[in-house]
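Understanding the architecture of this molecule
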Amino acid sequence: MPDPASATLLDAPHADAAVLDNAPWHALTGPHAAFAIGNDLVRRYPADVAPFVAVRTWDDPDVWPALRELVGPAAEIGLSGYDGAVPDGWEVVGEGAGVQLVQTDALSPRPDPEAILLGADDVPDMLAIVERNQPGPFRPRTYELGRYVGIRREGRLIAMAGERLHPEGWTEISAVAVDADHRRQGLASRLVLDVAFHIQERGDRALLHAAASNVGAIAAYERLGFALRRRNRFSAVRTPA
């Protein structure tokens, strides 16, 4: 497949949906407002729920002081969609390219008979599979953001997927993880389709985020019926001490 960092955006449905250009903000001012900490310029999730901060607009000169006040001094935070330089005293500690994919009419979601609901009692196992497979940020209360499902074999959680960001009308599928000795069995695809089925049942559409370098996962999502909508940058920065 073409490199997503240089590919032309596909003709994905709802490609002009403004909420997806700033999904964290529209989640924290919309369906996830009950989790929001902050104000009308910057917001964040509780640290044990998700590490994301959201900014209404980068054009406001007060955004950087507001971010520092929100998270405190010498704190590391993740920024999405900001490509400029950071102010004096701030430090970039990591960055990378990402892609956003959205479901198309080619997606055929369906419930999976082996998928089980995961909740508070499953958190230790959920944290463990995330640690083994590194699908992205997952905290002890992340499961509260939406519906999480998994597959167990002989009692061990060997595959997982669930819902994370939830801007109005859309739900992000996230934490897609399969243990190494159970890969190439279609488990990830099955759970993605299960999660997408329940997203669609309540009238939302599904989206995904992935590192642009993860071309294998992107190709798999495209085969399921997702299409590239946009590219963005992810940065990890440290606030001034």
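Description of the structure in this document. (Residues numbered from 1 in each chain as written. Predicted model: local features only at pLDDT ≥ 70, side-chain atom pairs only at ≥ 80, totals over all residues. Heavy atoms only, no water.)

**Here's the deal with the environment of L145**
Among the structural elements, L145 can be located in the loop between α3 (123–133) and β7 (148–153). Taking the C-alpha atoms as reference, L145 lies 25 Å from E95; in sequence the two are 50 residues apart. With sequence-adjacent residues up to four places away left out, L145 is seen in contact with H32, F35, Y45, V49, A50, E163 and R164. (Helix = DSSP H or I, 4+ residues; strand = E, 2+ residues; numbered from the N terminus. Contact = heavy atoms within 4.5 Å.)

**Overview of the sheet that holds strand β4 (residues 76–80)**
Sheet architecture is open: eight strands sit in the order β4-β11-β5-β10-β9-β8-β7-β6, paired in mixed fashion. Every other strand in the sheet has two partners, leaving β4 and β6 (116–118) as the edge strands with one partner each. With direction set aside, neighbouring strand axes in the sheet form an average angle of 30°. Here strand β8 (residues 156–163) runs beside strand β9 (residues 170–178); their pairing, made up of four bridges, is antiparallel. (Pairing = 2+ DSSP bridges. Axes fitted to C-alpha atoms, helices over the stretch in contact; angles between N-to-C directions.)

**Looking at α3**
For α3, the complete set of buried residues consists of V123, M126, I129, V130 and N133. In a view along the axis of α3, the buried residues occupy a sector of 130°, so they form one face of it. In α3, the exposed positions angled more than 90 degrees off the buried face are occupied by P124 and E131. Buried-residue contacts for α3 involve β6, β7, β8 and β9. Note on α3: the residue one or two positions beyond its end, Q134, has a positive phi of about 50°. (Buried < 20%, exposed > 50% of the residue type's maximum accessible area, 1.4 Å probe, protein only. Arc of directions from axis to C-beta.)

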